[in-house]
Amino acid sequence: MISVERSFVVRLPLPALVTYLEDFTRTEEWDPGTISCIRLDDGPVRAGARWLNTSLFRGRTTELEYRLDVREPARLVFVGENRTVTAVDDLRFGDEGDSTRLTYRASLTFKGLAKLAAPFLRPAFEQLADEVSVRLPTAAIAGHT
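Cut-offs used in this document
- Residues numbered from 1 in each chain as written.
- Predicted model: local features only at pLDDT ≥ 70, side-chain atom pairs only at ≥ 80, totals over all residues.
- Heavy atoms only, no water.
- Phe/Tyr/Trp six-rings, centres within 6.5 Å; stacked < 30°, edge-to-face > 60°.
- Pairing = 2+ DSSP bridges.
- Helix = DSSP H or I, 4+ residues; strand = E, 2+ residues; numbered from the N terminus.
- Axes fitted to C-alpha atoms, helices over the stretch in contact; angles between N-to-C directions.
- Contact = heavy atoms within 4.5 Å.
- Bend = angle between axes of the 7 residues up to and from the residue.
- Buried < 20%, exposed > 50% of the residue type's maximum accessible area, 1.4 Å probe, protein only.

Chemist: Pulling in residues and values, what's your account of the packing of aromatic side chains?
Modeler: Taken as a whole, this structure holds six aromatic pairs when the rule is applied. The rings of Phe24, Trp51, Tyr66 and Phe78 are connected pair by pair, giving a single aromatic cluster.

Chemist: Summarise the sheet that holds strand 5 (residues 75-81); cite the residues concerned and give the values.
Modeler: Pairing is antiparallel in the open sheet, where seven strands are placed in the order 1-7-6-5-4-3-2. In the strand order of this sheet, the two ends are held by strand 1 (2-10) and strand 2 (34-39), each with one partner. With direction set aside, neighbouring strand axes in the sheet form an average angle of 20°. In this structure, strand 1 lies alongside strand 7 (residues 99-110), joined through nine bridges in antiparallel fashion. Residue pairing for strand 7: Ser3 is matched across the bridge by Ser107. With respect to the sheet, helix 1 (residues 14-22) is in contact with strand 1, strand 3 (50-57), strand 4 (60-72), strand 5, strand 6 (85-96) and strand 7, its orientation differing from that of strand 6 by roughly 160°. Contacts between helix 3 (residues 118-143) and the sheet are confined to strand 1, strand 3 and strand 7, with strand 1 contributing the most and set at about 15° to the helix.

Chemist: Quick rundown of helix 3? Include the residues and the values.
Modeler: Because each turn of an α-helix spans 3.6 residues, side chains separated by three or four positions in sequence point in the same direction. Residue Arg135 marks the point of greatest curvature in helix 3, where the axis turns by about 30°; the proline Pro137 follows within four residues. Along helix 3, the residues that are buried comprise Ala118, Leu121, Phe125, Ala129, Val132, Ser133, Leu136, Pro137, Ala139, Ala140 and Gly143. Buried residues belonging to helix 3 abut strand 1, helix 1, helix 2 (27-30), strand 3 and strand 7.

Next up, the structure:
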């Protein structure tokens, strides 16, 4: 398993940041690896909502079906799966006045032969996490409505 974690402040109130990030289609705005992300069901975003995320990583395109597993006032957990990996994005929010501290943890558990590649992929995931911590605050402020 590979886990990366970053903690940073976003200049939005906690409820506004949670509302922005609970719609996983917005990964197109803040995740540099995401090519597209489409909602697979209808209605308000709630636990059980699903998305199809297409990403480009190290020159390869991959699709994961994500679902929102946890939707709490200060926490969101998305779980994505395909035949080679299970990805968990755990977002925790802390109130800091007019801003919010976001602790973002991404964990990847590889399946089958893909497990052998995990140690070699850590540096690329660390770099991706660094890029997310730079892009997400700007995207959230710009995308907040």
